[in-house]
Amino acid sequence: MVNFENLFKNIKNILKRELVILWIFSVLLGLALIVLGNKSKLPLQEGDFVFLSLLTLLIALYRPRWVFFVFVGLVPLENIILVSGFIPLQLRPYQFVGAILAAALIILWFFKKLKFELLRPNWIDWLIFSLAPLSFLALVNAPDKNVSLKQNTVLLSFIILYYLTRNFVRNKKDLLKIAFFFAGSWLVVMTYGFYQVFADKFGKNSFEVMFGRPNSTFAEPDWLGIFLCFALAALLSVNLFEVSPRIKIIYIFLFFNITLLILTLSRSAWIGGAIILLFFSFFSLFKKKEKVVLNNGKIWTVIIIFTIVFLSLIAVRAGKLSKFDLSDRARSTATNEQKITIACEKNIDLPKIVANIDELTKFNCRHINLEEIYFYKSQGKFVFEIYRKDPNVMTRSTIYRKSWEIIREHPILGVGFGTITQNLGIDERGAGLNESNIFLQVWTGSGILGLVAFIILIGYLFIYAFRRASPVCPLNKIIGCPIVKSDFEKTLNVFVVLVILALIVPNLFNAGLLMGLLWLGLAVVVSTQKIYSH
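Each chain carries its own residue numbering, running from 1 in the written order of its sequence. This being a predicted model, a pLDDT of at least 70 is required before a residue's local features are given, and a value of 80 or more before pairs of side-chain atoms are given or counted; all residues contribute to the totals for chains, interfaces and linings. To get the side-chain values, all heavy atoms of the structure are used, and hydrogens and water are removed first.

**Re a nonpolar patch on the surface**
- Residues enter patches when they are more than 30% accessible in relative terms and free of salt bridges; like-charged ones are connected within 9 Å and nonpolar ones (Val, Leu, Ile, Met, Phe, Trp, Tyr) within 5 Å. For accessible areas, the Shrake-Rupley method is used with a probe of radius 1.4 Å. Any residue's cover is judged against the shown protein chains and nothing else. Salt bridges are identified by distance alone: a Lys or Arg side-chain nitrogen within 4 Å of an Asp or Glu carboxyl oxygen. Together, Ile107, Trp109, Phe110, Phe111 and Leu118 make up a nonpolar patch on the protein surface, roughly 570 Å² of accessible area in all.
- In DSSP terms, a helix is any run of H or I states spanning at least four residues, a strand is any run of E spanning at least two, and both are numbered starting from the N terminus. With respect to the helices and strands, Ile107 occurs in helix α5 (residues 93-110).

If you want it as structure tokens, here you go:
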């Protein structure tokens, strides 16, 4: 059993005063950047950019680890553009800090002032690195080589950030520190996410990109959902072990995390969260002695977690925090049908379901938003609720079909990242449509070899960790059962399994390869193998 009293003592020893101050600075910086972005004070002008670059570079040369921890704290700030216009790429805060840090490490290495040796890549790292040259090879088939070149360069920058993270996460202390700063970024995301929820509820400017759906620091609610699934995986990993009362504050964190996850209305994230909870329950409830048996000591832990889920649902419904019918949203996942509100000129019999809202005109009806109900009733209109075919599901079906047509034309090399938007078009917000599936995204961007490398990478990490975390032992007759040396090793393996589920399952319905959290998560997951082997 993990002794959490000793753990807290170790945390106090590791997190020196300077790191606590840096953590506070990181949180305040994240909140300040959100405010500046909302007030249109960003992106930076050229002079401010040059000054901030020089200042950050000097700090990175003096204390590269400090800058790395700030980088971790800024990773969720996906919808804030720090630099744009006078350079060919848009830089988010974490990309800016990561680029400056990489430059500082190169300078320190060149002058032999770097205080640690750069990490020698292993075969898993090389699988990840291979995606970049394969994407540039795909430029041969790209319909717009300039657009694809730009996106391929962005991918290369993420791979550099991956390698950067691998160099700074090498032992237990590093892992604890990065978790500390990720918790700070989680606090920023949650604060802004709930601000959007309550601002929308009370009629204030919520800065949401989609009606009634918080997106916090991300470009869209689905990406926020992926982040919250990642946080859910991290919080649940700790709960596999006996916890002291001092750490039961995690249950409070879980309540807020799950509540905001529900409010995103991201069905892909809901599916991801449900699967994470199922795997968590499996790891909690069963253990292996001579055979797999029920772990009675963990039953209450699982009951508490699912009670938190239930309380989150009650809070959303009782507090009227969402303008949408959650049960209908969940139902549409299975039926592909969506409940809508309409206003009609006359009280007439209507069909229970229509293919799309264009059919409403023949009934002298129109689709309206929930906040418009009282207005139309005051005008003497008749308001009804009917179902239509879910346009999101229909759009994804079209996307998958067109993506597959492109893949069939160029199955070996692909077409490079980004150019597929020209075939798919844009959504109602004007944003370019993508493959809506991370595996399709890799295939179109880096070809069949890139897809194979990505599948091997994810499959190996998942199976390797699952065999060490699970009470059952797949493939035991072929390669035997691994020996887990400590509770700490099991914790890390459970964390790896849940994190991979958090990153991949929602991305079966999204194309989130060019998302900082994914590369940070992959780097930490790969680094865990080295950590618990020592």
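**Quick notes on the sheet that holds strand β4 (residues 353-354)**
- Strands are treated as partners if at least two bridges between them are detected by DSSP. Reading across from one edge, β4-β6-β3-β5 is the order of the 4 strands in this open sheet, with mixed pairing throughout. The open sheet has two edge strands with one neighbour each: β4 and β5 (365-368).
- By the bridge criterion, 4 bridges tie strand β3 (residues 337-344) to β5 in an arrangement that is antiparallel. Its bridge partner lying in β5, Cys344 is registered against Cys365.
- Its contacts with the sheet put helix α14 (residues 326-335) on β3 and β6 (382-389), and the angle it makes with β3 is roughly 120 degrees. Whether two residues are in contact is decided by their heavy atoms, any of which lying within 4.5 Å being enough. Axis definition: a line fit to C-alpha positions, over the contact stretch in the case of helices; interaxial angles, taken between N-to-C directions, run 0 to 180 degrees.

**Quick word on the packing of aromatic side chains**
- We call Phe, Tyr and Trp rings a pair once their centres come within 6.5 Å, taking the six-membered ring for Trp, and we label the pair stacked below 30 degrees between planes, edge-to-face above 60, and tilted otherwise. Taken as a whole, this structure holds 36 aromatic pairs when the rule is applied.
- Look at Trp126 and Phe129: their rings are 5.3 Å apart centre to centre, the planes differ by 85 degrees, and that puts the pair in the edge-to-face class. Here Trp126 and its partner Phe129 are both found in helix α6 (residues 123-129), 3 residues apart, which amounts to about one turn of the helix.
- Type-normalised accessible area, obtained with a 1.4 Å probe on protein chains alone, sets the label of each residue: buried when under 20%, exposed when over 50%, and partly exposed for intermediate values. Taking the relative accessible area as the measure of exposure, Trp126 reaches 52% and is therefore exposed.
- Arranged with centres 5.9 Å apart and planes meeting at 55 degrees, the rings of Phe283 and Phe466 form a pair that is tilted. With Phe283 in helix α12 (residues 267-285) and Phe466 in helix α18 (residues 438-469), this pair connects stretches of sequence that are 183 residues apart. Neither Phe283 nor Phe466 differs from the other in exposure class; each is buried.
- Joined through ring pairs, the aromatic side chains of Trp23, Phe68, Phe69, Phe71, Tyr94, Phe116, Phe158, Phe168, Phe180 and Phe181 make up one cluster.
- Sitting over a ring, as applied to charges here, requires NZ of Lys or CZ of Arg to be within 6 Å of the ring centre and within 35 degrees of the ring normal. Its end group placed over the ring of Tyr62, Arg63 keeps NZ or CZ at 4.4 Å from the ring centre.

**Comments concerning unusual backbone geometry**
- A cis amide bond links Leu42 with the next residue in sequence, Pro43, at an omega value of 5 degrees.
- Tracing the chain through its elements places Pro43 in the loop between α2 (17-38) and α3 (46-62).
- Positive phi outside glycine occurs at Lys320, with the angle close to 50 degrees.
- Structurally, Lys320 can be placed in the loop between α13 (299-318) and α14.
- What makes Lys320 exposed here is its relative accessible area of 63%.

**What to know about the pairing of β6**
- As defined by bridge partners, β3 adjoins β6 across 8 bridges and the pair is classed as antiparallel. Residue Ile340 lies in a different strand from β6, and its bridge partner there is Ile386.
- Across 2 bridges, the pairing between β4 and β6 is parallel. In the sheet register, Ile353 faces β6, and the bridge partner there is Tyr387.

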